[in-house]
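Okay, here's what each chain looks like letter by letter:
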Amino acid sequence: MNQRPTIIDMTIEGDFVAPPPDEKPPFSARIMLWAAAIAGLAISCAVAVFALWLLAFLIPLVVIAALIAYAAFRFQLWRSGGSVQSFTFQWPPRR
């Protein structure tokens, strides 16, 4: 047991005395803080890279789907004689 015993410093009124403001946290706590900051940065970078990869993968799919939809629309226009026919929608009668 090489550790020093914990000293609880109290005033006569029963309040705890604040530690001196210039006291640094232990070296292991500082290492843990930096490790947590680096891990958070690495995780946020990984999420950003995944989002960009997903975006780069989905944009060509959206463009291809839009081209197919446009081709289907033009095919329907060609089949109908070149114009879009307007129609009115009627609800079926109630029983």
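Details of the structure are given in the entry above.
Residues numbered from 1 in each chain as written. Predicted model: local features only at pLDDT ≥ 70, side-chain atom pairs only at ≥ 80, totals over all residues. Heavy atoms only, no water.

## Here's the deal with the overall build of the protein
Within the protein, the secondary structure is distributed over one helix and zero strands. When each of the 95 residues of the protein is scored for burial, the buried share is 1%. For the protein, the computed accessible surface area is about 9,900 Å², with 70% contributed by carbon and sulfur atoms. (Helix = DSSP H or I, 4+ residues; strand = E, 2+ residues; numbered from the N terminus. Buried < 20%, exposed > 50% of the residue type's maximum accessible area, 1.4 Å probe, protein only. Areas by Shrake-Rupley, 256 points an atom, 1.4 Å probe, with all protein chains shown as cover.)

## A word on the packing of aromatic side chains
Here the structure, examined in full by the defined rule, presents three aromatic pairs. A centroid spacing of 5.8 Å and a plane angle of 10° characterise the contact between tryptophan 53 and phenylalanine 57, whose relative ring orientation is stacked. With tryptophan 53 and phenylalanine 57 both in helix H1 (residues 27-79) and four residues apart, the pair spans about one turn of that helix. Ring pairs connect the aromatic residues Phe50, Trp53 and Phe57, which therefore count as one cluster. (Phe/Tyr/Trp six-rings, centres within 6.5 Å; stacked < 30°, edge-to-face > 60°.)

## Here we look at the environment of methionine 10
As for its placement among the helices and strands, methionine 10 is situated in the segment before H1. When neighbours within four sequence positions are excluded, methionine 10 is seen to be in contact with Asp15, Phe16 and Val17. (Contact = heavy atoms within 4.5 Å.)

## Points about the layout of surface pockets
Empty space within the largest pocket amounts to approximately 170 Å³. Residue classes in the lining of the largest pocket are distributed as five nonpolar, no polar and two charged. (1 Å grid on protein atoms, 1.4 Å probe; cavity = no way out; pocket = protein on both sides within 12 Å on 5 of 7 lines; lining within 4 Å. Points joined across faces, edges and corners; volume = space filled by probe spheres on them. Nonpolar A, V, L, I, M, F, W, Y, C, P; charged D, E, K, R; others polar.)

## Some remarks on a nonpolar patch on the surface
On the surface, Phe50, Trp53, Leu54, Phe57, Leu58 and Leu61 cluster together into a nonpolar patch covering about 610 Å² of accessible area. Residue class for phenylalanine 57 comes out partly exposed when judged on its relative accessible area of 46%. (Patch = residues over 30% accessible without salt bridge, like charges linked within 9 Å, V, L, I, M, F, W, Y side chains within 5 Å. Salt bridge = Lys/Arg side-chain N within 4 Å of Asp/Glu carboxyl O.)

## Notes on H1
With 53 residues, H1 ought to run about 78 Å at 1.5 Å a step, and its terminal C-alpha atoms sit 78 Å apart, in line with that. Of the residues trailing H1, glycine 81 is marked for its positive phi of about 100°. (Expected span 1.5 Å × (residues − 1).)

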